[in-house]
Amino acid sequence: MTEPLDTAALAAALAVALPLAGALAALVLGRRAGDVIVVTGPAMALVAAALIAGIVETGPARIAVGGFAPPLGIALVADGLAATFVATTLAVMAAALAIARGGLVARLRETRRGYAFVALAHLAWGALNAVFLSGDLFNLYVALELLGLAAIALVALEGKPETLAAAIRYAWFALTGSLLYLAGAILLYSEAGTLDIALTATRATESATMLVAGALMTAGLCAKTALFPLHAWLPPAHAGAPAPASAILSALVPKASFVVLARLWLEALPAIATPALGPLLGGLGAAAILYGSVLALRQERLKLLVAYSTIAQIGYLFLLFPLAGGALGTQPWAAGAWSGAMLHGVSHALAKAAMFLAAGLVLARLGHDRIAGLSGLARAMPMTAFALGLAAVTLMGLPPSGGFIAKYLLLVAAFASGQGAWALVMLGGGLLAALYLFPVLGRLLAKEDPEKTEPAGPPPSAAREAIPLLLAALAVALGFASVWPTALLAIGRPGAAVEGLE
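Cut-off values and rules
Within any chain, residue numbers begin from 1 and follow the written order of that chain's sequence. At least 70 in pLDDT is required for a residue's local features to be given in this predicted model, at least 80 for side-chain atom pairs to be given and counted, and no such filter applies to totals for whole chains, interfaces and linings, which use all residues. The side-chain figures draw on all heavy atoms in the structure; neither hydrogens nor water molecules are used. Only runs of H or I of at least four residues qualify as helices and only runs of E of at least two qualify as strands under DSSP, and these elements are numbered from the N terminus. All radius of gyration figures rest on C-alpha atoms, and the globule criterion is 2.2 Å times the number of residues raised to 0.38. When accessible area is computed with a 1.4 Å probe and restricted to protein chains, residues below 20% of their type maximum are described as buried, those above 50% as exposed, and intermediate ones as partly exposed. When checking whether two residues touch, look at their non-hydrogen atoms; a contact exists if any pair is within 4.5 Å. Polar contacts, as counted here, are pairs of nitrogen or oxygen atoms within 3.5 Å of one another; within protein the pair requires one atom able to donate a hydrogen and one able to accept it, and residues that are adjacent in sequence qualify only if both atoms are side-chain atoms. All axes are obtained by fitting lines to C-alpha atoms, using only the stretch in contact for helices, and the reported angles, taken between N-to-C directions, cover 0 to 180 degrees. To sort the angles, those under 35 degrees are grouped as roughly parallel, those over 145 as roughly antiparallel, those from 65 to 115 as roughly perpendicular, and the leftovers as oblique. When residues are sorted by character, Ala, Val, Leu, Ile, Met, Phe, Trp, Tyr, Cys and Pro go into the nonpolar class, Asp, Glu, Lys and Arg into the charged class, and all the rest, Gly among them, into the polar class. Looking at any residue, its pLDDT shows the predictor's confidence there, from 0 to 100. In short, DSSP must find at least two bridges between two strands for them to pair. Only Phe, Tyr and Trp rings are paired, with Trp represented by its six-membered ring, and only when their centres lie within 6.5 Å; those with planes under 30 degrees apart are stacked, over 60 edge-to-face, the remainder tilted. Put simply, a charge is over a ring when the Lys NZ or the Arg CZ is close to the ring centre, within 6 Å, and near the line of the ring normal, within 35 degrees. Patch membership is restricted to residues that have no salt bridge and whose relative accessible area is over 30%. Joining uses 9 Å for like charges and 5 Å for the nonpolar side chains Val, Leu, Ile, Met, Phe, Trp and Tyr. Computed by Shrake-Rupley with a 1.4 Å probe, the accessible areas treat only the displayed protein chains as cover when residues are assessed. Salt bridge, as used here: a side-chain nitrogen of Lys or Arg that lies within 4 Å of a carboxyl oxygen of Asp or Glu.

### So, the overall build of the protein
Then step 1. A count of helices and strands for the protein gives 23 helices and two strands.
Then step 2. By the compact-globule yardstick of 23 Å for 502 residues, the protein fits well, its C-alpha radius of gyration being 21 Å.
Then step 3. Expressed along its principal axes, the backbone C-alpha trace of the protein runs to roughly 70 × 55 × 40 Å.
Then step 4. Across the 502 residues that make up the protein, the buried fraction comes to 59%.
Then step 5. For the protein, long-range pairs separated by at least 24 residues make up 82% of all intrachain contacts whose partners lie at least 6 apart in sequence.

### Overview of the environment of Ser293
Then step 1. Following the sequence through the fold, Ser293 ends up in helix H13 (residues 277–297).
Then step 2. You can call Ser293 buried: its relative accessible area is 1%.
Then step 3. Each C-alpha atom, one on Ser293 and one on Tyr436, is 7.6 Å from the other, the two residues being 143 residues apart in sequence.
Then step 4. A polar contact of 2.6 Å, which involves the side chain of Ser293, links it to the backbone oxygen of Ile289.

### Re the side chain of Glu465
Then step 1. Among the structural elements, Glu465 can be located in helix H21 (residues 462–480).
Then step 2. Contact partners of Glu465, with chain neighbours within four places excluded, come to Leu361, Met381, Pro382, Met383, Thr384 and Pro460.

### Here's the deal with unusual backbone geometry
Then step 1. The omega torsion of the bond from Phe228 to Pro229 falls at 5 degrees, within 30 degrees of zero and hence cis.
Then step 2. A cis geometry characterises the amide bond from Pro399 onward to Pro400, with omega recorded as 10 degrees.
Then step 3. Looking at where Pro400 falls in the secondary structure, it is placed in the loop between helix H18 (382–396) and helix H19 (402–416).
Then step 4. At Ala226, a position not held by glycine, the phi torsion is positive, near 65 degrees.
Then step 5. Its location among the elements puts Ala226 in the loop between helix H9 (208–225) and helix H10 (234–240).

### Some details on the packing of helix H3 (residues 80–101) against helix H11 (residues 243–251)
Then step 1. Between H3 and H11, whose axes approach to 9 Å, the crossing angle comes to 170 degrees. Looking at the two axes, H3 sits roughly antiparallel to H11. Judged by residue contacts, Val92, Met93, Ala96, Ile99 and Ala100 of H3 engage Pro244, Ala247, Ile248 and Ala251 from H11.
Then step 2. Taken together, the residues that form the contact of H3 with H11 break down as nine nonpolar, no polar and no charged.

### Describing the confidence of the model for the protein
Predicted coordinates in areas of low pLDDT are best not read in detail.
Then step 1. With 93% of its residues at a pLDDT of 70 or more, the protein has an overall mean of 90.
Then step 2. Mean pLDDT values over the elements of the protein span from 68, in helix H4 (residues 104–107), up to 97, in H9.
Then step 3. pLDDT under 50 marks residues 326–331. Its contacts with residues more than four places away, or in other chains, come to ten contacts.

### Observations regarding the pairing of strand S2 (residues 75–78)
Then step 1. Side chains Ala75 and Val77 of S2 all project onto a buried face; the interleaved residues Leu76 and Ala78 project onto the opposite face, where all are buried too.
Then step 2. Where strand S1 (residues 61–64) meets S2, four bridges bridge the pair, whose relative direction is antiparallel. By the bridge assignment for S2, Arg62 is matched with Val77.

### Side note on H11
Since the α-helix packs 3.6 residues into each turn, any two residues three or four apart lie on the same face.
Then step 1. Of all nine residues in H11, nine are buried; the element is thus mostly enclosed.
Then step 2. Three or more residues of H11 are buried, namely Ala243, Pro244, Ala245, Ser246, Ala247, Ile248, Leu249, Ser250 and Ala251.

### Considerations on the packing of aromatic side chains
How two aromatic rings sit relative to each other is given by the distance of their centres and the angle of their planes.
Then step 1. The full count for this structure, using the stated rule, is nine aromatic pairs.
Then step 2. An aromatic cluster of three or more residues is present, and its members are Phe138, Tyr141 and Tyr181.
Then step 3. Lying across the ring of Tyr316, Lys407 places its NZ or CZ 4.4 Å from the centre.

### Regarding the environment of Ala61
Then step 1. Tracing the backbone shows Ala61 in strand S1.
Then step 2. Residues Ala61 and Asp79 lie 18 residues apart in sequence; the distance between their C-alpha atoms is 6.6 Å.

### Considering a nonpolar patch on the surface
Then step 1. There is a patch of nonpolar side chains on the surface, built from Ile168, Trp172, Leu175 and Leu179 and spanning about 470 Å² of accessible area.
Then step 2. By the secondary structure assignment, Ile168 is in helix H7 (residues 161–192).

### Here we look at the pattern of salt bridges
Then step 1. The tally for this structure, following the rule as stated, stands at seven salt bridges.
Then step 2. Between Arg101 and Asp35 there is a salt bridge, with the nearest N and O atoms lying 2.9 Å from each other. In this pair, Arg101 sits in helix H3 while Asp35 sits in the loop between helix H1 (6–29) and helix H2 (36–58), placing the two residues 66 residues apart along the sequence.
Then step 3. In this structure Arg101 comes out as partly exposed when scored by relative accessible area, which is 37%.
Then step 4. In this structure, the salt-bridge partner of Glu267 is Arg263, at a minimum N-O distance of 2.7 Å. Highlighted residues: Glu267 and Arg263, both in helix H12 (residues 253–268), separated by four residues, approximately one helical turn. The same class applies to Glu267 as to Arg263, namely buried.
Then step 5. Connected through salt bridges with shared partners, the residues Arg32, Asp35 and Arg101 form a single ionic network.

And the structure:
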């Protein structure tokens, strides 16, 4: 780590502060809250660019907040992982808020729910950036709590009985996860005397207390990430929320707790990782891939299919733990597993946000999202159908998408390290994804049903249709330009991602 950079320090602070200011502005502006993104979107684009430029120029930095170094103070960490997810969050948030400005927010303009969405989305934005940039395990707990509160409120935004029930279920899982994480953090502090990630790494020694602390925190984070079998809250929450909220929830919220889990074991506690950790988390990830995919096959509604697909795609992230490891010079697949998992997080975020936003446009136009009733939609809404097609290419892991590059890196790591079983799971997951996504695409391209009912709403404007298409195109373009995000992710990559978890 280098000394704090002025540019990176300022950008890191603004990445958290500006969205929170946007949330307050939305509350003040009321009916005109939808206009906040006109200011926060370009401002956050400058902040993300400055953060990336600062890190690329001089490497990762630890920034002592208020000038007080840990353990007395808390630190922000500006590294490649943080910058990559801050930029991804910017893309998804800007798209969700832009499409909501002409839809959800306009429809609910005369109610509190209209500007509440804008305020909650900005609150979640600030919390997400705080998670990605924080270098302190208690600070991460606070940021995750803030994110959870905003996410639960987004699920309940419509106020329907089914969405309220989904929000309550989500709250129970989130609360349980929080208590487990907090209990583990307390135990960890009692042993290490600090919750700063870098200092914890130097003080962590193998003991029963440390192992229990790590296990509790891992269980809590798995519940928040909706890893199988702790996924029951995700489908009703993501499918029942308004489409822009679903895009935020599915694309970003599970990634936050996963990034914390990756930092916990690869940066804070690699010294106490047992040989069982990788197979255990990898096994649950594999089960998520297969279980989520099979359930996605059975769905009759587009949003539910996309929600169950999220459970499956989350599973790929957890293959990082059994596949990372090995010296970079002699075993290049090790670093590839790290890059592949994180690149999958980014490409999935872009593709899944595109899918939910496109599904929202379909729902507003037709009045339903039944897959059987989508015949001929490619003619009526060509850009939306194209967006769904491009996003599906990424989720299936077909070339030349970002999803293909990410899964290719994971596959190479699995075969090269002699762990072919994980590769078979990934190949099976890709096949299952094709089985549940191709019928949707086929229905979009089919002839229009002569007996279908009249559309329930007006056709979306070209500008609104272009938003999910742009996100889906970015997910595919990630495959063409993967060298840049891969190089960015390598800046400040934890040593355990190269040397492995013992």
